[in-house]
Amino acid sequence: MKVIGLTGGTGSGKSVVSKSLAEAGAVIVDADKIAHEIILKDEPAYHEIVEYYGTGILDAEGNIIRKKLGEIVFNDKEKLAFLNQCTHKYITAEVKRQIAAAKGEGTAAAVIVDAPLLLEAKLETVCDLVWVVYADPEVRAQRVMDRDGISYELAKARIANQKSWEEYKSAASAVIDNSKDLVHLKEQITQIFKLL
């Protein structure tokens, strides 16, 4: 059973690809979902994050306000580096656990590690292949604006904050082009699955 790392920049439509792969019989290990869970109150990364960023990022119940934390780290590379360093070790451990569980069951066509920060978190080291989702930069900016309700400038800034297309491409075993429609996307996924 192959373990495939699925990544791509924000707005590339990775979640649509992930959903299609699940429909094709793959088990999805969702690194974003894991990232949200590990910062919940009393979960592994919670205390480290609050200690570093202070209680100003908490709501009245003591939960981390992700939007507040996001505003802090998006404007400060050092603070972003700490957040990544803190969370990646917990994410990696949980990803490995879920891969082992999926392999133990042995019923899936493949295990897909769906991770926007696959390369940053060095998660490609636990994968057999890396599939990168591509979309035209303007298409990505529009999707981010629609999804997050933000301005074009902020959407472009988020895209600029990530790895360049060249960096993604150099790590890719295969590229899935998600600039067009769903039919085009599903055809590629069908083809790519046949190669496993």
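This text goes with the structure placed above it.
Note that the structure is predicted; figures quoted are calculated from it, not measured.

1. Overview of the nonpolar core
A general tendency of soluble globular proteins is for nonpolar side chains to be buried together.
Step number 1: Membership of the largest hydrophobic core comes to 35 residues, with the highest contact counts inside it found for Ile49, Ile64 and Val113.
Step number 2: Apart from residues no more than four positions distant in its own chain, Val113 is found in contact with Val3, Ile4, Gly5, Leu6, Val29, Val95, Ile99, Leu118, Leu123 and Cys127.
Step number 3: Among the nonpolar cores identified, the runner-up in size contains 15 residues, and Val17, Ile112, Ala174 and Leu185 belong to it.

2. Remarks on the packing of helix α6 (residues 137–148) against helix α7 (residues 152–160)
Step number 1: It is the contact of α6 with α7, at a shortest axis distance of 9 Å, that shows an interaxial angle of 115 degrees. In this structure, the crossing between α6 and α7 has a hand that is right-handed. Contacts between α6 and α7 involve Pro137, Glu138, Arg140, Ala141, Val144, Met145 and Asp148 from the former and Tyr152, Ala155, Lys156, Arg158 and Ile159 from the latter.
Step number 2: Class assignment for the residues of the contact of α6 with α7 results in 7 nonpolar, no polar and 5 charged.

3. Considering helix α9 (residues 182–194)
Given 3.6 residues to a turn, an α-helix orients residues that are three or four positions apart in the same direction.
Step number 1: Compared with the 18 Å implied by 1.5 Å per residue over 13 residues, the 19 Å span of α9 between its first and last C-alpha is a close match.
Step number 2: All of the buried residues in α9 are Leu185, Gln188, Ile189, Ile192 and Phe193. The buried residues of α9 occupy an angular sector of 130 degrees when projected down its axis, which confines them to one face. Across α9 from its buried face, at more than 90 degrees, point the exposed residues Val183 and Lys194.

4. Section: the layout of surface pockets
Step number 1: Put simply, the largest pocket is a space of about 1800 Å³.
Step number 2: Looking at the lining of the largest pocket, the elements with two or more residues in it are α1 (14–23), α2 (31–37), α4 (66–74), α5 (77–105), α6 and α7.
Step number 3: Split into classes, the residues belonging to the lining of the largest pocket amount to 20 nonpolar, 15 polar and 13 charged.

5. Some details on the pairing of strand β5 (residues 174–177)
Step number 1: Only one face of β5 is buried, namely the one carrying Ala174 and Ile176, since none of Val175 and Asp177 on the opposite face is buried.
Step number 2: Summarising the sheet, strand β4 (residues 129–134) and β5 pair through 4 bridges and their orientation is parallel. From the neighbouring strand, Val133 faces β5, where its bridge partner is Ile176.

6. A few points about the side chain of Asn178
Step number 1: Note on placement: Asn178 falls in the loop between β5 and α9.
Step number 2: Accessibility expressed as a relative area gives 6% for Asn178, which makes it buried.
Step number 3: Within the local environment of Asn178, its side chain forms a polar contact with the backbone oxygen of Gly13, the two atoms lying 3.2 Å apart.
Step number 4: Sequence-distant contacts of Asn178, defined by excluding residues within four places in its chain, comprise Ser12, Gly13, Val17, Val133, Tyr134, Ala135, Arg143 and Leu185.

7. Some details on the sheet that holds strand β1 (residues 3–7)
Step number 1: Strands sit in the order β2-β3-β1-β4-β5 across an open sheet of 5 strands; the sheet is parallel. Edge strands, defined here as strands with exactly one partner in the open sheet, are β2 (27–30) and β5. Put simply, the sheet's adjacent strands are angled 25 degrees from each other on average, direction ignored.
Step number 2: With 4 bridges joining them, β2 and strand β3 (residues 111–114) adopt parallel strand pairing. Paired with Ile28 across the strands is Ile112, a residue of β3.

Procedures and definitions
- Each chain has its residues counted from 1, following the order in which its sequence is written.
- Two thresholds apply to this predicted model, a pLDDT of at least 70 for residue-level local features and 80 or more for giving and counting side-chain atom pairs, whereas whole-chain, interface and lining totals are computed over all residues.
- Excluded from the side-chain calculations are hydrogens and water; all other atoms, namely the structure's heavy atoms, are used.
- Nine residue types can take part in a nonpolar core, namely buried Ala, Val, Leu, Ile, Met, Phe, Trp, Tyr and Cys, and a core is a set of them joined through side-chain atoms within 4.5 Å.
- For every residue, the accessible area (1.4 Å probe, protein chains only) is compared with the maximum for its type, and the residue is labelled buried under 20%, exposed over 50%, or partly exposed between those bounds.
- By the convention used here, residues are in contact when the closest approach between their heavy atoms is within 4.5 Å.
- The axes used here are C-alpha line fits, helices contributing only the stretch in contact, and every angle between their N-to-C directions lies in the interval 0 to 180 degrees.
- A run of H or I in DSSP counts as a helix once it spans at least four residues, and a run of E counts as a strand once it spans at least two, with each numbered from the N terminus.
- By the definition used in this description, the sense in which the near helix is turned from the far one sets the handedness, with an anticlockwise turn below a right angle giving left-handed and a clockwise turn giving right-handed.
- Gly is placed with the polar residues, together with every amino acid not listed as nonpolar (Ala, Val, Leu, Ile, Met, Phe, Trp, Tyr, Cys and Pro) or charged (Asp, Glu, Lys and Arg).
- In this analysis, the expected span of each helix is defined as 1.5 Å times one less than the number of residues it contains.
- Arc definition: directions from the helix axis to the C-beta atoms.
- Here a cavity is any set of points on a 1 Å grid over the protein atoms alone where a 1.4 Å probe fits but cannot get out, and a pocket is any open set with protein on both sides within 12 Å along at least 5 of 7 lines; a residue lines the site when it has an atom within 4 Å of a point.
- Grid points are joined across faces, edges and corners, and a volume is the space filled by probe spheres set on the points.
- Any two strands with at least two DSSP-identified bridges between them are counted as paired.
- Two N or O atoms count as a polar contact when they lie within 3.5 Å, although within protein this holds only if one can serve as hydrogen donor and the other as acceptor, and sequence-adjacent residues are included solely when both atoms are side-chain atoms.

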